[in-house]
Each structure stands twice: as C-alpha cells, then as structure tokens.
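Examining the three-dimensional arrangement
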Amino acid sequence: MSTVEELKARVCAAIDRAADRITGLSDDILRHPETGYKETRTAGVVADQFTALGLAPQTGLARTGVKARMRGRATGPTVAVVGELDSLIIPDHPFADPVTGAAHACGHNAQIAAMVGAGIGLNDVIGELDGDVVLFAVPAEECIEVDWRMGLRDTGELHHTAGKAELIRAGHFDDVDMAMLTHAGPSFMPVAVGGAGNGSLVKRVRFVGRASHAGAAPWDGISAYKAATVAIAAIDAHREMMREDDGVRIHHLITHSGDAVTAIPARTDMEMLIRARTIEGMKRASALVDRALRGGALAMGADVHISTAVSFLPYVDDAPLAEVLVPNAQTLAGDGFHRIPTTGAGGGGSTDMGDLKQVMPVVQPFASAGQDAPLHSNGFYTKDQVAAAIVPAKFMAMTVVDLLVGGAATAREVIDASGPKLSREQFVQLHESLSAEEVFSGGVL
Ligand SMILES: [Zn+2]
Ligand SMILES: [Zn+2]
C-alpha cells in the first residue's frame with residue numbers, strides 16, 4: 001500500500017508526463033474564447049479530455065457545463081475540482097475573438113487546464129482513494145451580457161445570471177461534498193490563498209419617456225435619457241455617505257440611450273452591478289440605488305422598470321478546507337507562497353464561488369498568470385501556462401489525496417468543521433428573497 005507521499009509523487013509525475021497536453025489545452029482555450037452560457041466549443045474540448053481519461057462526461061448542464069466522476073475504491077465523500085469555461089468581452093485584447101470580442105482576460109482557460117490536469121494526476125491513484133472525484137467545467141462566472149441573460153430568465157430558460165447558482169438549483173452539485181478551483185493571479189504572488197469577494201446584485205433598468213421632435217417640439221417629449229442621468233447623479237451623490245465596512249461598488253452601463261439624436265429619447269436602458277461585502281450591505285446599497293432610480297423617473301416624469309437579481313453571494317474560503325490545501329501549495333511554491341488577508345482593503349471583486357460556499361466547503365487559491373497586467377484588462381492573459389495550470393493541477397490533486405486517503409478521514413473532518421450549509425431549497429429561497437421586479441411611475445405618463 002502506498003503512503004500519502006508516494007501517492008502525491010505519483011500524481012505529480014503523471015501531471016508532469018502530460019505537461020504538454022495540459023499547457024496546450026490552456027493555450028487552445030485562450031485562443032478560442034467564448035462568453036458565459038455560450039461556451040459550446042470549449043465544453044466540447046473538455047468533454048473530449050474527459051473521454052480520453054476513460055470517463056463518461058455529462059454535458060449540457062446549465063446549458064454548457066461538463067461533469068465527470070472518477071470513482072474511488074470505496075464509497076465516501078466526493079471532492080470536486082472545478083474550472084470555469086467562460087471569457088470576458090474585450091475586443092482589443094490580443095487574443096480576442098474577432099467576431100464576438102470575447103477574450104480570456106480572467107485566466108479561466110488555465111482553470112480548465114488545471115482541472116483537467118488534476119484529473120490526469122488523480123486518474124493514476126483513484127483506485128487507492130476512499131471517495132470520488134468530480135471534474136466539473138462550469139459555465140458563466142463573469143457577470144456580463146446581463147440583458148441577454150435576464151431575457152433568458154424572463155422566458156424560463158435560465159434562473160440565474162451566473163453558472164454555479166444555475167447548477168446548484170438544477171441539482172448538479174447535490175452529489176458533491178466540497179469543491180476547489182484555482183484562479184489566475186499576478187506574478188508577484190506565484191501561489192496565494194485567502195482574500196474575500198463581495199456579493200453582488202445585478203439590475204436591468206429601463207426608463208420609459210415620450211418621444212418628440214427634438215428641434216420642432218421638444219416640449220412634447222419626456223426624456224428617458226435625462227431621467228437616467230439624474231438617477232446616476234443621485235447614486236454618485238450617495239457615495240461619500242456609504243459605510244466603509246460595506247465595501248460597496250456600484251457600476252453601471254447605459255446600454256441604450258435613445259434611438260435618434262433628433263428625437264427626445266423615449267427609452268433608455270441600463271445594466272448595473274451593485275457589490276457589497278455582506279448580504280445586508282447588498283440590501284442597503286440596492287435600496288439606495290432603487291431610490292435614486294425612482295428619483296430620476298420622478299424628476300423627469302418618466303417611468304422606470306427595475307429588475308433585480310443576485311449575481312454572486314459574498315465569498316471567503318472555507319478555513320478547514322483551505323488548511324488542507326495550504327501545505328501542498330507551500331510545498332510547490334516555497335517562498336512564492338502568500339497569504340491574502342480576508343478582511344481590510346481589497347476583496348472588491350466577486351465570484352459565484354460565493355454561491356457554492358453557501359451549500360458546501362470551498363476553497364479558491366490563486367496561481368500566477370506569469371504577468372502583472374490588471375485582471376479584466378486588455379493586457380491580461382495567462383503568459384506562463386506552467387505557473388497558471390501545471391502548478392495548481394498539482395497542488396489541487398495533492399490536496400484531494402490528503403482529503404480522500406485512509407477512509408477519507410480528512411474530508412470528513414473538513415465537512416464537520418465547516419459547519420451547516422444551506423440545502424438546495426434554502427439556497428433558491430435566499431436568491432429569490434433578494435430578487436425583485438418593480439415598475440415606478442414618475443407621474444406624467
Ligand atoms: Zn473575472
Ligand atoms: Zn475569473
């Protein structure tokens with residue numbers, strides 16, 4: 001019988017033997033970016049990789065998700081290694097799709113490669129582990145194309161703008177007990193564990209006014225666009241009074257300002273993202289934004305339609321699971337290992353790992369992309385596929401070994417120490433309690 005260290009050495013050797021396949025996969029996906037819920041090519045590539053491992057992938061989960069189970073020698077806890085399929089849209093990115101503008105400026109291509117790499121390593125030892133491993137490529141982490149996704153929500157084709165919530169709702173995480181995913185990070189932190197993520201609400205907003213000739217009879221019009229600008233000014237006026245502890249970020253795009261510059265705009269559309277550290281903070285910021293949106297409508301005599309939904313719930317690593325992963329990350333990274341504080345400055349970003357955390361223990365470490373351009377900028381892509389994909393493949397696979405050897409005692413300890421989680425039904429209720437539809441009339445129409 002192999003020792004834990006022997007199993008880890010075998011896992012790492014298998015990953016090293018497949019290094020070209022893993023880095024090639026990361027590079028291939030980098031060059032073929034697809035946005036959330038549309039990752040059909042990427043999903044096909046992942047399914048082929050799973051099949052090549054001798055697994056039977058389930059496909060089309062929450063539109064594009066791909067999942068495969070590796071069975072251990074005994075029934076026990078199931079650990080998922082997760083990778084996100086989707087890209088952003090950054091048309092001037094060096095690896096942008098020339099037609100769609102999709103671009104991997106968040107490094108999710110390396111996540112998929114690291115997940116497949118971990119599977120390649122674990123395939124060699126799964127018969128000596130006392131639990132199962134699920135390899136899971138999940139759709140739509142980035143909260144973009146909000147109008148399209150909320151349109152699918154209107155027709156019942158989707159319930160959530162983000163992929164993990166959609167998968168949880170559909171029961172695809174019911175047979176998983178804990179999950180890990182490694183995200184790309186800057187090169188000055190080769191491997192890092194910690195940090196936190198804001199929760200966020202997404203809003204689709206439509207101001208409705210009345211069109212008229214902008215030159216001949218502007219007085220007959222009600223400008224939906226001006227109503228939006230008054231609302232934006234009101235939101236901005238609130239920023240100095242916000243609680244610092246809430247860590248609020250409010251972003252908006254005007255996605256449609258009007259139809260013709262010669263007419264008073266009758267319709268102006270916005271999409272918004274409202275982030276805060278806690279669910280209570282999300283509610284406070286959302287109420288403030290709704291009041292400002294109503295205020296803009298009232299000031300101009302327009303109507304405003306506000307659709308609100310959760311995009312992500314607040315995130316912090318599950319501490320007991322992180323403590324199993326940290327020694328493996330330290331072994332590989334040495335002095336390059338960093339701890340990121342979970343409180344204080346930073347943490348303004350968001351992830352739907354926050355949703356998964358509501359239902360199971362999760363950990364999301366970071367591995368260097370090999371460069372330091374800002375995430376989500378046109379300069380960010382995974383330059384060093386070994387650092388971004390091979391290293392995390394190894395430390396995630398090593399962590400799975402720790403969790404599932406010897407009767408999966410460590411996995412069971414993590415589950416106990418992590419404490420109670422929401423059921424699928426409670427999770428859905430929480431999302432629905434934070435969602436709302438409102439039509440406010442400014443009184444003139
Ligand atoms: Zn991102
Ligand atoms: Zn990301």
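Our subject is the structure listed above.
Values in this document were obtained by computation on a predicted structure and should not be read as measured data. (Residues numbered from 1 in each chain as written. Chains lettered and ligands numbered in written order. Predicted model: local features only at pLDDT ≥ 70, side-chain atom pairs only at ≥ 80, totals over all residues. Heavy atoms only, no water.)

**Side note on the packing of helix α3 (residues 40-52) against helix α4 (residues 108-123)**
For the pair α3 and α4, the least separation of the axes is 11 Å and the interaxial angle reads 10 degrees. In this view, α3 runs roughly parallel relative to α4, as classed from their interaxial angle. Each of V46, Q49 and F50 in α3 lies in contact with α4, whose residues at this interface are I112, M115 and V116. For the contact of α3 with α4, the class distribution of residues is five nonpolar, one polar and no charged. (Axes fitted to C-alpha atoms, helices over the stretch in contact; angles between N-to-C directions. Helix = DSSP H or I, 4+ residues; strand = E, 2+ residues; numbered from the N terminus. Parallel < 35°, antiparallel > 145°, perpendicular 65-115°, else oblique. Contact = heavy atoms within 4.5 Å. Nonpolar A, V, L, I, M, F, W, Y, C, P; charged D, E, K, R; others polar.)

**Focus: the sheet that holds strand β1 (residues 58-61)**
The six strands lie next to each other as β1-β2-β6-β3-β7-β17, forming an open sheet whose pairing is mixed. Each edge of the sheet is formed by a strand with only one pairing partner; in this case those strands are β1 and β17 (362-363). Sheet topology places strand β7 (residues 178-180) next to β17; two bridges connect them, and they run parallel. Bridge assignment links M180 to a residue of β17, and that residue is V363. Sheet strands in contact with α4 are β2 (65-70), β3 (78-84) and β6 (132-138), and its direction is about 150 degrees off that of β3. (Pairing = 2+ DSSP bridges.)

**Some thoughts on the coordination of the zinc ion (ligand 1)**
For the zinc ion (ligand 1), the full set of protein donor atoms is C106 (SG), E142 (OE), E142 (OE) and H376 (NE2), at a range of 2.0 to 2.8 Å. Of note is the zinc ion (ligand 1), whose four donor atoms meet at the metal with angles of 52 to 149 degrees in an arrangement that counts as irregular. In the primary sequence, the donor residues of the zinc ion (ligand 1) line up as C-x35-E-x233-H. Here the zinc ion (ligand 1) and the zinc ion (ligand 2) are spaced 3.1 Å apart, with C106 acting as a shared donor. Within this pair, whereas E142 is found in the loop between β6 and α5 (146-154), its partner H376 is found in the loop between β18 (366-368) and α11 (385-404), the two being separated by 234 residues in sequence. With relative accessibility at 5%, the residue E142 sits in the buried group. (Donors = N, O, S within 2.8 Å, 3.2 Å for Na, K, Ca; no water. Tetrahedral: all angles 85-135°; square planar, octahedral: opposite > 155°, others 65-115°. Buried < 20%, exposed > 50% of the residue type's maximum accessible area, 1.4 Å probe, protein only.)

Shape descriptors only; they carry no functional weight alone.
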